[in-house]
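Tertiary structure, described
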Amino acid sequence: MPHADGRRADGELSGFRRAFYDSLTRRADALFELGDAVLCTDGPVRSIAELSLVGEHRRGHGSGYAALACGGIDIARLRTALSAVSIPRAADGRLVLAVDVTSWLRPEAHTGRQRILCHTYGRGKDQHMMVPGWPYSVVVALESGRGSWTVPLDAVRLAPGDDAATVTAAQVRGVVDRLVVAGHWRSGDPDIMLVADAGYDGPRLAHVLADLPITVLVRMRSDRVLRRPAPPHAPGTRGRPRRHGGEFAFGDPATWGEPDVDTRTQTRLYGPAHARAWDRLHPRLTHRIAWAGHAGNLPILEGTVIRLQVDHLPSGAVPKPVWLWHSRTGLDPVAVDLSWQAFLRRFDIEHTFRMLKQTLGWTTPKLRSPEQADRWTWLLLATYTQLRLARGLAADLRRPWERTVSPERMSPARLRRGFRHLRPHLACPARVPKPSRPGPGRPAGVPNTEPAPRHDVHTATSTNGQKPKQRKKTKSTTPRPRRTG
């Protein structure tokens, strides 16, 4: 398969396209060509029907919605195919995974099932708002260095009543198991690092995933209070031995003490970066919320707390300290620096979400059922993977005002421009469509006698089945530190 610049199309890309086609169970040809149309169209995807105008889409304008409504995808098989492709590693040779939740907002889709309230920010007057939609938990593998590429490995839609922490733990466990089966991690390799933001309970994730070769690195809120190890029980002292030591309040420097590790690194974007780490700190757990059903004494989940302070931000805003919790203890200065650098790479997942939504049109179609949304989500994850595997193969169709960059440094949107010229040299297992005529449809003037049922947005209720009273929330000027985990 010769390429325009004399090279041959990569076999891994053609192999993944074949594996993706094999994972399609119903309407396979229509779904496969729909994915190719997403990659070969010019500009952002505005409509599913408009994709039929692309030359690579050989079917009618109604085939796209029909494929999403009646098609089928073997998600387990597609997950295995995503885990089998090449995955980048960090500077120390370990795999770094990032997990986050992004929402497909559907505030006016009254006929859409299983909508729940999704947390959003920036709508209206830059306020936190809860908007109905379908939230998705996405796990990606991160690359080393500054860039906008990630490796999507899994996506799970949060259904009404799901516990986000439980779903995330099961999702990460499945991803790690598939990576081990695919040979990306072997005995003796560094542990896989899981990076998450402050919305996740890091100590709980580390406890649930303790049997896996994985370390957890999460950001913590600046109002948290952790505990030091309990002092030894003095002989002759009455009472039960203490389980927790003194407090370590993030907002009170008097409780910090001397750090176990203190490093300073010069960075290009943030200036001097000062990292300090304190070893063997743990949250004080209580028998409520996630730990309500835990029998016996609650575990002591010790880790390392890292405080990162930079000199300035590229945006010009005032930099605030970042608090990180690492599930391992006894970190050396090199491990501390690699930890906060890996956390900064977590923001690359936001570039992937922006690419999926604004360019590939993830939230563009007005789909009714969540099953259709799942098919469209996995279809776009497969197309994004094809884009990543085409790095260095597709020609750079540079605009006159854009700078020349190496093929490996091209952004996903810029690489997508040249995918159309690469596609003829790739395997295309989709069959030629058969000629057909559209159905008559509902006769003009005949009303719809079977309107679609409407569904309410799922909201949390109290234990007795009654809706909780709405209380006016006021921001406290003197917030209390969070002393329990």
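Data block above holds the structure.
All residue numbers here refer to positions counted from 1 along the written sequence of the relevant chain. Given that this is a predicted model, residues contribute local features only at a pLDDT of at least 70 and side-chain atom pairs are listed and counted only at 80 or more, while totals for whole chains, interfaces and linings are drawn from all residues. Working from all heavy atoms in the structure, the side-chain values ignore hydrogens and water.

**Side note on the overall build of the protein**
Under the scheme used here, helices are H or I runs from DSSP no shorter than 4 residues and strands are E runs no shorter than 2 residues, and both carry numbers assigned from the N terminus. The secondary structure content of the protein amounts to 11 helices and 14 strands. C-alpha atoms define the radius of gyration in this analysis, and the globule rule sets the expected value at 2.2 Å times the number of residues to the power 0.38. The C-alpha radius of gyration computed for the protein amounts to 25 Å, which stays within 12% of the reference 23 Å derived for 485 residues, consistent with globular compactness. The principal-axis extents of the C-alpha atoms in the protein amount to approximately 90 × 60 × 45 Å. Only protein chains enter the accessibility calculation, which uses a 1.4 Å probe; a residue is then buried when its area is under 20% of its type maximum, exposed when over 50%, and partly exposed in between. A burial count over the protein gives 45% of its 485 residues as buried. In this analysis, two residues are considered to be in contact whenever any of their non-hydrogen atoms come within 4.5 Å of each other. Counting contacts in the protein only where the partners sit at least 6 residues apart, residues at least 24 apart contribute 68% of the total. Looking at the protein as shown, the accessible area adds up to about 25,600 Å², and 51% of this sits on carbon and sulfur atoms. Across the protein, the 74 positively charged side chains and the 45 negatively charged ones have centroids separated by 6 Å. Residue exposure ignores everything except the shown protein chains as possible cover, and the areas themselves are Shrake-Rupley values with a 1.4 Å probe. Here Asp and Glu are counted as negative and Lys and Arg as positive; His is not counted, and neither are the chain ends. To locate a charge, take atom NZ for lysine, CZ for arginine, CG for aspartate or CD for glutamate.

**Some thoughts on empty space enclosed by the protein**
We place a 1 Å grid over just the protein atoms. Points where a 1.4 Å probe fits but has no way out form a cavity, open points with protein on both sides within 12 Å along at least 5 of 7 lines form a pocket, and any residue with an atom within 4 Å of a point lines it. Grid points are joined across faces, edges and corners, and a volume is the space filled by probe spheres set on the points. Applying the stated criterion to the full structure yields 1 cavity of 30 Å³ or more. A volume near 30 Å³ is recorded for the largest cavity. Every residue along the wall of the largest cavity is listed here: T102, Y136, V138, A155, L356, W362, T377 and L381. Partitioned by chemical class, the residues of the lining of the largest cavity number 6 nonpolar, 2 polar and no charged. Classification convention: Asp, Glu, Lys, Arg as charged; Ala, Val, Leu, Ile, Met, Phe, Trp, Tyr, Cys, Pro as nonpolar; all other residues, Gly among them, as polar.

**Some thoughts on unusual backbone geometry**
The phi angle of most residues is negative, glycine excepted, and most peptide bonds adopt the trans form. Look at R27: it is not a glycine, yet its phi comes out positive at around 50°. Within the element layout of this structure, R27 appears in the loop between β1 (24-26) and α2 (28-40). The exposure class of R27 is partly exposed, given its relative accessible area of 43%. In this model, R280 sits at a positive phi of 60°, which is unusual for a non-glycine residue. R280 gets classed as partly exposed once you look at its relative accessible area, which sits at 40%.

**Topic: the packing of α2 against helix α3 (residues 63-70)**
Helix axes use the C-alpha atoms of the stretch in contact, all axes being lines fitted to C-alpha atoms, and the angles between their N-to-C directions lie in the range 0 to 180 degrees. Where α2 meets α3, the closest approach of the two axes is 9 Å, and the angle between their N-to-C directions is 120°. Viewed along their axes, α2 and α3 adopt a mutual orientation that is oblique. Our pair here, α2 against α3, has a crossing hand that is left-handed. Every residue of α3 that contacts α2 at A30, L31 and L34 is listed here: S63, G64, A67 and L68. Under this scheme an angle from 65 to 115 degrees is roughly perpendicular, one under 35 degrees roughly parallel, and one over 145 degrees roughly antiparallel; angles in between are oblique. Crossings are classed by handedness, with left-handed meaning an anticlockwise turn of the near helix from the far one by less than a right angle and right-handed meaning a clockwise turn.

**Concerning the pairing of strand β7 (residues 192-196)**
Across the 5 residues that make up β7, a large majority, 5, are buried. Covered by surrounding structure in β7 are I192, L194 and A196 together with M193 and V195, the residues of both alternating faces. Strand pairing requires that DSSP identify at least two bridges connecting the strands. When strand β3 (residues 96-105) meets β7, the two strands line up parallel, connected through 3 bridges. For V96, the partnering residue across the bridge sits in β7 and is M193. For the handedness criterion, the strands are oriented away from the viewer, and a crossover whose path from the first strand over the helix to the second runs clockwise is classed as right-handed. Regarding the hand of the β-α-β motif, the stretch spanning β7, helix α6 (residues 202-208) and strand β8 (residues 214-220) is right-handed.

**Looking at the side chain of Q372**
As for its placement among the helices and strands, Q372 is situated in helix α9 (residues 370-389). With residues near it in sequence (within four places) discarded, Q372 still touches L68, A69 and L367.

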